[in-house]
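Each chain is listed here by its residues.
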Amino acid sequence: GTQIAYRTNDKQGRRTMMLLSRAFTNSVTSSSRGVAKAVTRNSARMSSFNNNNKLRCVMLNAARLDYDGRIDLEKLKASVGGQLTRYEISKSEKEVLERVEGHEVVVNKEMPLGGDLIRAFPPSVRLICEAGTGYNNIDLVAAHEKNIQVCNVPTYATDAMSHMAITFVMALSCSLVPQAQSLATGDRSYLTQCHLGSLPHFELTHKTIGLIGGLGTIGKRVTAICHALGMNVLVTSTSHPLGPLSSSSSDSEKDVVTVVSMDDLMTRSDFVSIHCPLNESTKHLVDASAISKMKPTSFLINTARGSIINQTALIQALQNKTIAGAALDVFGEGSAPPPALPEDSPFYGLTNVILTPHIGWQRMESRQRVVDTCAENIVTFARGDPTNIDMETGRPRR
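Summarised in this report is the structure supplied together with it. What you see as residue numbers is a count from 1 along each chain, following the sequence as written. Predicted model: local features are reported for residues with pLDDT of at least 70 only, side-chain atom pairs are reported and counted for 80 or more only, and whole-chain, interface and lining totals are derived from all residues. As a convention, hydrogens and water are excluded, and side-chain values are obtained from all of the structure's heavy atoms.

A few points about the sheet that holds strand β4 (residues 127-130)
Logical step 1: Two strands pair if DSSP finds at least two bridges between them. Secondary structure elements are defined from DSSP: runs of H or I of at least 4 residues count as helices, runs of E of at least 2 residues count as strands, and each element is numbered from the N terminus. Taken together, the five strands give an open sheet; going across it, the order is β2-β1-β3-β4-β5, and neighbouring strands pair in parallel fashion. The two strands at the open ends of the sheet, each matched to only one other strand, are β2 (84-86) and β5 (149-151). Pairs of neighbouring strands in the sheet enclose a mean axial angle of 20°, with direction left out of account.
Logical step 2: One ladder, built from three bridges, connects β4 with β5; its direction is parallel. When the sheet's bridge partners are listed, Cys129 is paired in β5 with Cys151. To define axes, lines are fitted to C-alpha atoms, for helices over the stretch in contact only, and angles between the resulting N-to-C directions are given on a 0 to 180 degree scale.

Shown next, in the form of structure tokens:
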């Protein structure tokens, strides 16, 4: 669209015009080549997915997200031009393979997708959307081998999960669950005697909570709530040196957390709450040795992943009452429930543990948010932009 006018009254003028014209043409050609290269790179990345309507999406276990029929899937449908197939549950690898056939996008919630299964995926599959924060249930090496991208939703349940951890803290501090259990079985002694006897019952002000992995998004939100309750906060970190660390821009003394060693955190905390991801370095991080360092009056809380705690060691500590109790929203060796604990699990016979079936993330708002964000991740992929997980390193992109 650029127009250049020259006055060409003589031979020299015509020569000048010719040279300028040639220079301009070369410049435009060079620029066009650069654009062409960029377009080629984008086209290669996009392959056949340069139109959202060509994407077909399958939900392998929609009932994990929409178990009550209250979640709106319209945004997810729109991200693939309405080509959405929904299955409530997929019970076997054979079913999974049959259902992903002919689909480019797979939406999954916490179900293990192992290496052999992913390697058997049909060529159509180009993207796995994990509808949650953790993605250790997906074999990234196999996905990378198959040139399948993986994305997750890191912050959809920040409020829900932090509220879950604080709910446990508050319930444990006033023995709320034992009171409810007694009343449910017809034992009204706490009501008739108007006190809790020997049950724990104390204020949270000036108590210390230790957050394992407490500098992540959820950990920071838990910290803010704990500070509002007047609690002291200790955290472990692999990226920050030991010592005080301001948790807000105010630099107020009450907003300071202290980065400590794992041993120090376990020894000093009245509550220990886990907020780190599950990986090779954190599996069984809280083992018998770590638990033995806890105060006999302290409580262990896990809303992250079950196998960060050595389950056998925790059961022994609860049976022997070497710690006051525990609250678990996750348990076992899997990435997250389901499956439930086995029928003969010793946890069921303990009175000093609260068990919930991984409900921390399941609040109505967070479930809707994770579905909508999956739709946004699909649109990002369809545009040819990188997904939020670096398939070379297996780590989130910053």
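Considerations on the sheet that holds strand β7 (residues 232-235)
Logical step 1: Judged by pairing direction, the sheet is mixed, and its eight strands sit side by side in the order β8-β9-β7-β6-β10-β11-β12-β13 without closing on themselves. Taken across any chain shown, the strands that pair with only one partner, and hence form the sheet edges, are β8 (243-246) and β13 (353-355). Averaged over all adjacent pairs, the angle separating strand axes in this sheet is 20°, with direction ignored.
Logical step 2: The criterion used for residue contact is that any of the two residues' heavy atoms lie within 4.5 Å. The strands touched by helix α6 (residues 158-173) are β6 (208-212), β10 (271-274), β11 (299-302), β12 (325-328) and β13; relative to β11, the strand with the most contacts, the crossing angle is about 155°.

Quick look at the packing of α6 against helix α9 (residues 217-228)
Logical step 1: Contact geometry of α6 with α9 gives a least axis separation of 9 Å together with a crossing angle of 50°. In terms of their interaxial angle, α6 and α9 are classed as oblique. You can see that α6 and α9 cross each other, and the crossing is right-handed. When α6 is examined against α9, the residues Thr158, Asp159, Met161, Ser162, His163, Ala165 and Ile166 are found in contact with a partner set consisting of Thr217, Ile218, Arg221, Val222, Ile225 and Cys226. Angular relationships are summarised with four words: roughly parallel below 35 degrees, roughly antiparallel beyond 145, roughly perpendicular across 65 to 115, and oblique for the angles in between. Less than a right angle of anticlockwise turn of the near helix away from the far helix marks a crossing as left-handed, whereas a clockwise turn marks it as right-handed.

So, the pattern of salt bridges
Logical step 1: A pair is scored as a salt bridge if a Lys or Arg side-chain nitrogen falls within 4 Å of a carboxyl oxygen belonging to Asp or Glu. Scanning the entire structure with this criterion turns up 18 salt bridges.
Logical step 2: The closest approach of N and O atoms between Arg86 and Asp66, which form a salt bridge, is 3.0 Å. With Arg86 in strand β2 and Asp66 in the loop between β1 (57-59) and α2 (74-79), the pair connects residues that are 20 residues apart, well separated along the chain.
Logical step 3: Burial classes: relative accessible area under 20% of the type maximum marks a residue as buried, over 50% as exposed, and values in between as partly exposed (1.4 Å probe, protein chains only). Judged by its relative accessible area of 7%, Asp66 is buried.
Logical step 4: Linking Arg86 and Glu88 is a salt bridge whose minimum nitrogen-to-oxygen distance equals 2.6 Å.
Logical step 5: Salt bridges here are not isolated pairs; linked through shared partners, they connect Arg64, Lys109 and Glu110.

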